[in-house]
Amino acid sequence: MFKSEKKLAELNKILTNGKYNEINDRISILRSEEPFEGAVSLLADFFDKTPDEDLKILVTEFFNDMKQRSCRTEVIESIAAVSKPASKAMLVASCWQSGLDYSDHAVALAEIFMLGDYLTSLECFTVLETCSGLISSADKSGITGRLESEIDTYDSAKQKLARELIAVMRA
């Protein structure tokens, strides 16, 4: 990922003041090129704040189709930065949908699992299960220990999911 203050300012201006067609065109351009540093965060923030469901679909498709490994850290950071549970769930789901390996971010995803609502936790479970074979033993052990210490604080549905995640981490 490269840094471009000019492109970042332009994207921010379009997302803040642009009409639907301008935003759609800019997202289409972003889909066809290597995203620049900050673009992922801006789009995640835009998704979190916009009431426009059609624009949310465009942003979701952007994240789901993203294949640049260099964007993974910014996606994980964006999950923590957005405020709405639906935004967090969409971003985590995009980790799985993208097909990228997020095993290096397993501990962060487990933290999101622990703090998130059920839907976000379910999406984290899917990502962690998919990449479980690539997660280090140390990370698996740390995740398992944290889950075991916090499992009693979850509702029954999330407890079942946490037990399943513990079993995946031990396999």
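Residues numbered from 1 in each chain as written. Predicted model: local features only at pLDDT ≥ 70, side-chain atom pairs only at ≥ 80, totals over all residues. Heavy atoms only, no water.

## Quick word on the environment of I79
Stage number 1. Its location among the elements puts I79 in helix α5 (residues 72–81).
Stage number 2. With a relative accessible area of 0%, I79 lands in the buried category.
Stage number 3. Sequence-wise, I79 and N24 are 55 residues apart; in three dimensions their C-alpha atoms are separated by 22 Å.
Stage number 4. Every residue in contact with I79, bar those within four places of it in the chain, is listed here: K88, L91, V92, C95 and I112. (Helix = DSSP H or I, 4+ residues; strand = E, 2+ residues; numbered from the N terminus. Buried < 20%, exposed > 50% of the residue type's maximum accessible area, 1.4 Å probe, protein only. Contact = heavy atoms within 4.5 Å.)

## Here's the deal with a nonpolar patch on the surface
Stage number 1. On the surface, Y118, L119 and L122 cluster together to form a nonpolar patch covering roughly 250 Å² of accessible area.
Stage number 2. Summarising the element assignment, L122 is placed in helix α8 (residues 118–131). (Patch = residues over 30% accessible without salt bridge, like charges linked within 9 Å, V, L, I, M, F, W, Y side chains within 5 Å. Areas by Shrake-Rupley, 256 points an atom, 1.4 Å probe, with all protein chains shown as cover. Salt bridge = Lys/Arg side-chain N within 4 Å of Asp/Glu carboxyl O.)

## Topic: the packing of aromatic side chains
Stage number 1. Within this structure, the stated rule accounts for 2 aromatic pairs.
Stage number 2. Arranged with centres 6.5 Å apart and planes meeting at 80°, the rings of F113 and Y154 form a pair that is edge-to-face. Highlighted residues: F113 in helix α7 (residues 106–115) and Y154 in the loop between α9 (137–150) and α10 (156–170), separated in sequence by 41 residues.
Stage number 3. With relative accessibility at 0%, the residue F113 sits in the buried group.
Stage number 4. Looking at K158, its charged tip hangs above the ring of F113, at a distance of 5.7 Å from the centre. (Phe/Tyr/Trp six-rings, centres within 6.5 Å; stacked < 30°, edge-to-face > 60°. Lys NZ or Arg CZ within 6 Å of the ring centre and 35° of its normal.)

## Digging into the side chain of E123
Stage number 1. Along the polypeptide, E123 turns up in helix α8.
Stage number 2. Despite its burial, E123 remains without a salt bridge, the nearest opposite charge being carried by K158 at 14 Å.
Stage number 3. Excluding residues within four positions of it along the chain, E123 makes contact with A89, V92 and A93. (Lys, Arg positive; Asp, Glu negative; His and termini not counted.)

## What about the packing of helix α1 (residues 5–17) against helix α2 (residues 20–32)?
The angle between the axes and the distance between the axes are what describe a pair of packed helices.
Stage number 1. Their axes nearest at 9 Å, the elements α1 and α2 cross at an angle of 145°. Crossing of α1 over α2 shows left-handed handedness. Between α1, through E10, L11, I14 and L15, and α2, the contact on the second element is made entirely by E22, I23, R26 and L30.
Stage number 2. Broken down by class, the residue content of the contact of α1 with α2 amounts to 5 nonpolar, no polar and 3 charged. (Axes fitted to C-alpha atoms, helices over the stretch in contact; angles between N-to-C directions. Left-handed = near helix turned anticlockwise from the far one by under 90°. Nonpolar A, V, L, I, M, F, W, Y, C, P; charged D, E, K, R; others polar.)

## A few points about the pattern of salt bridges
Stage number 1. Counted by the stated rule, this structure contains 9 salt bridges.
Stage number 2. Among the salt bridges present, the one from E33 reaches K7, with a minimum N-O distance of 3.6 Å. Of this pair, E33 sits in the loop between α2 and α3 (39–49) while K7 is found in helix α1, placing the two residues 26 residues apart along the sequence.
Stage number 3. Of the residues examined, E33 reaches a relative accessible area of 22% and is grouped as partly exposed.
Stage number 4. Linked by salt bridges that have partners in common, K7, E10, R26 and E33 make up one network.

## Details of α8
Stage number 1. Taking 1.5 Å as the rise per residue, α8 with 14 residues should run 20 Å; its terminal C-alpha atoms sit 20 Å apart, in good agreement.
Stage number 2. Every buried residue of α8 is listed here: T120, S121, E123, C124, F125, V127, L128 and C131.
Stage number 3. On its buried face, α8 sits against α6 (85–98), α7 and α10. (Expected span 1.5 Å × (residues − 1).)

Bear in mind that shape data such as this cannot, by itself, settle questions of function.
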